[in-house]
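The residues making up each chain are set out below.
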Amino acid sequence: KIESLKVTVDFLKLPLGLKKPPLKEALAAVPGPGRSKPFGLERHKARRSDTMDNESQYSGYSYKSGHSRSSRKHRDRRDRHRSKSRDGSRGDKSVTIQAPGEPLLDNESTRGDERDDNWGETTTVVTGTSEHSISHDDITRITKDMEDSAHLDCSRHLGVMLAGALALLAFLTPVAFMLLPQLLWRDELEPCGTPCEGLFISVAFKLLILLLGSWALFFRRPKAFFPRVFVFRALLMVLVFLLVVSYWLFYGVRILDSRDRNYQGVVQYAVSLVDALLFVHYLAVVLLELRQLQPQFTLKAVRSADGASRFYNVGHLSIQRAAVWILENYYHDFPVYNPALLNLPKSVLSKKMSGFKVYSLGEENSTNNSTGQSRAVIAAAARRRDNSHNEFYYEEAEHERRVRKRRARLVVAVEEAFTHIKRLQEEDQKNPREIMDPREAAQAIFASMARAMQKYLRTTKQQPYHTMESILQHLEFCITHDMTPKVRGGCTRYLTAGPTIQYHKDRWLAKQWTLVSEEPVTNGLKDGVVFVLKRQDFSLVVSTKKIPFFKLSEEFVDPKSHKFVMRLQSETSV
Amino acid sequence: QYSAVVSFSPFQQRIEIHKLRQGDNLILGFSIGGGIDQDPSQNPFSEDKTDKGIYVTRVTEGGPAEVAGLQIGDKIMQVNGWDMTMVTHDQARKRLTKRNEEVVRLLVTRQSLQKAVQQSMMS
């Protein structure tokens, strides 16, 4: 079964679960082992075939060791060349952002405060297709993606290796600086007592601090794969490299060649390198972490399909980083995309199709004819009296009433169901057969509210999102934590459509987004920049506005100056 | 030899003001103060500081009120037959600024009138 394999889903079209099987059938089909089905739907095949295409993609494996600040440089350069060659001709640059897959995402995606921009991928397993059919272009798409990602993975591996090597070099250099004279010309060295020991200790501790700082800053799991170079990281890589190289140069010339006897000077030289590295680390902290903390821009993200919009405040970020930031917030802020809610009822739309026929008499220029014809049709359609708005209005009112009625039934059913259970107190004496764990308790009360729940979900077109398994799990959760099912209580997940991240990850979290932007995506945000994050069936349009410069002026108010009189002698002009 | 004639019913004058149209409003060209909901001790024009009547506190130069002969310090007794001695400030304003009336006829009294009467009676 597909669900038992781990899968990274590339393109995930949401099923429009509009079929209505009888309840018995659905319930009967459910208790398969671990089989997650949309509650209320019978078979996957019943859905239209174009809605469920599972594609998976090979990506490399990210591991913990290679993420140092120097890891970026080589990878960045390589990818920069490649991306440039591919996209150079287009003015509208479109690149893909690939978030890492599930197994590592569980810890990461909810930690919104870490804005780390490491490149990263995860292992994914290529799965066979599910019960659905795959069309031919899907196959070609899969193979193309696999080829693409294969290239990048090789470069990433290589890049990580080189980066690790550079980091190691930077760490070991001061140690080498101090050890080499001891090894090579020990006898000629001047004895160096207390100052050297002090310097040794300081080098040791500084290296330790550097190690801890680097670990905290860079050795983090990546949360997104960026399409382009991250400029600041590249800068830092280059800086570290130049620093180390120049230090080695001077060391080679001044100390190794001339066999300097002053060991204290050598040790001080090593210490100065460690200090410089610490300052580079400080620079990294400021550039990578601190600079974007102060909010400078307000981003408005609007979902194109249904108009849900949110505003976010961000600091100075490049467009790609801002895109990832928006995506992180998208999953917990935006209500889940439900295409079934968007369509006007068919009865309203059908009338529009009857057209206004235009016949052309005689010889006319074909282009003029077509535009003139279409304009005439549109004008005529506008003038014709159209009552579809009436139907729409009544349909909406009726739907609203129906939803409220079902909701009332559901609320009553749930509350009543919950009264059947109570928590076992220590002093109660019950025989062991009657004691249930949360799972059994959930199953026990589920039966009494299943029907009301199913009807409600169907009316609000939410039933694709909730499988019976997920409902039972949620009930178990509510019962364990004593969350009341009352309307304002804790257990109200079904009554409103929640954000996307609360639903079962396998199905609804697609990780492939396409970033479309007119400016290069490593440019910083500016006032008026607009970029689009595309998915299969909808897109997020993000526009930027600069937070205005606030002019605050001060006014001192003496607390004793608050005095009042009765306003009893008013004068009115007539 | 004085014959002290103290008249408690002061001399009253009738003044007819034709309202002037300014844009959307009809204005009379003076300001009123006083009323039963106001503080009578702050009235600079009243002789009796417990008098809660409506007094004219300002007259616009060249306005309809000045033209009609209204003076600052006049106490308005009646407007178009409506009594103004026991009204609130806002009621007084409303009675003067009715939109469908173009002419208001006021019954006013003033201290200078009283003095004039007294003097004429004495001589």
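Just so you know, these numbers come straight off a predicted model, no measurement behind them.

Before going further, it helps to spend a moment on the environment of Arg535 of chain A. Residues and elements named next belong to chain A. One can find Arg535 in the loop between strand S5 (530-534) and strand S6 (539-546). Relative accessible area serves as the criterion here: at 10%, Arg535 is assigned to the buried category. For Arg535 and Lys511, which are 24 residues apart along the polypeptide, the C-alpha to C-alpha distance reads 9.3 Å.

What follows covers the pairing of strand S5 (residues 54-59) of chain B. Residues and elements named next belong to chain B. Pairing of strand S4 (residues 30-34) with S5, which is carried by five bridges, proceeds in the antiparallel orientation. Across the sheet, residue Gly33 finds its bridge partner in S5, namely Tyr55. Of the strand pairs in this sheet, S5 and strand S6 (residues 75-79) are connected by two bridges, and their pairing is antiparallel. Looking across to S6, one finds that Ile54 is bridged to Ile76.

Looking now at the UniProt feature "transmembrane region" (unreviewed entry) in chain A. All names here are of chain A. Taking the UniProt record as the reference, the feature "transmembrane region" (unreviewed entry) is found at residues 158-179, 199-218, 230-250 and 270-290. Structurally, residues 199-218 is divided into 100% helix and 0% strand, and its ends, taken at the C-alpha atoms, are 27 Å apart. Taken end to end, residues 270-290 has its terminal C-alpha atoms 29 Å apart, with 100% of it in helix and 0% in strand.

Residues and elements named next belong to chain A. Within the largest apolar cluster, 35 residues are counted, with the highest numbers of intra-cluster contacts made by Phe177, Leu243, Tyr247, Tyr263 and Val267. It is helix H7 (residues 263-290) that provides the largest number of residues to this core, a total of 13 residues. Non-local contacts of Leu243, meaning those with residues more than four positions away in its chain, are made with Leu273, Ala276, Leu277 and Val280.

In this section: the packing of helix H5 (residues 194-218) of chain A against H7 of chain A. All names here are of chain A. Relative orientation of the contacting elements H5 and H7 amounts to 20 degrees, with a least axis distance of 10 Å. Considering the angle they form, H5 stands roughly parallel to H7. Considering only the axes of H5 and H7, their crossing is left-handed. For the contact of H5 with H7, a count of residues per class yields 19 nonpolar, six polar and three charged.

The rules behind each value
Residues numbered from 1 in each chain as written. Chains lettered and ligands numbered in written order. Predicted model: local features only at pLDDT ≥ 70, side-chain atom pairs only at ≥ 80, totals over all residues. Heavy atoms only, no water. Helix = DSSP H or I, 4+ residues; strand = E, 2+ residues; numbered from the N terminus. Buried < 20%, exposed > 50% of the residue type's maximum accessible area, 1.4 Å probe, protein only. Pairing = 2+ DSSP bridges. UniProt positions renumbered as here; feature names shortened; annotations may be inferred. Core = buried A, V, L, I, M, F, W, Y, C linked by side-chain atoms within 4.5 Å. Contact = heavy atoms within 4.5 Å. Axes fitted to C-alpha atoms, helices over the stretch in contact; angles between N-to-C directions. Parallel < 35°, antiparallel > 145°, perpendicular 65-115°, else oblique. Left-handed = near helix turned anticlockwise from the far one by under 90°. Nonpolar A, V, L, I, M, F, W, Y, C, P; charged D, E, K, R; others polar.

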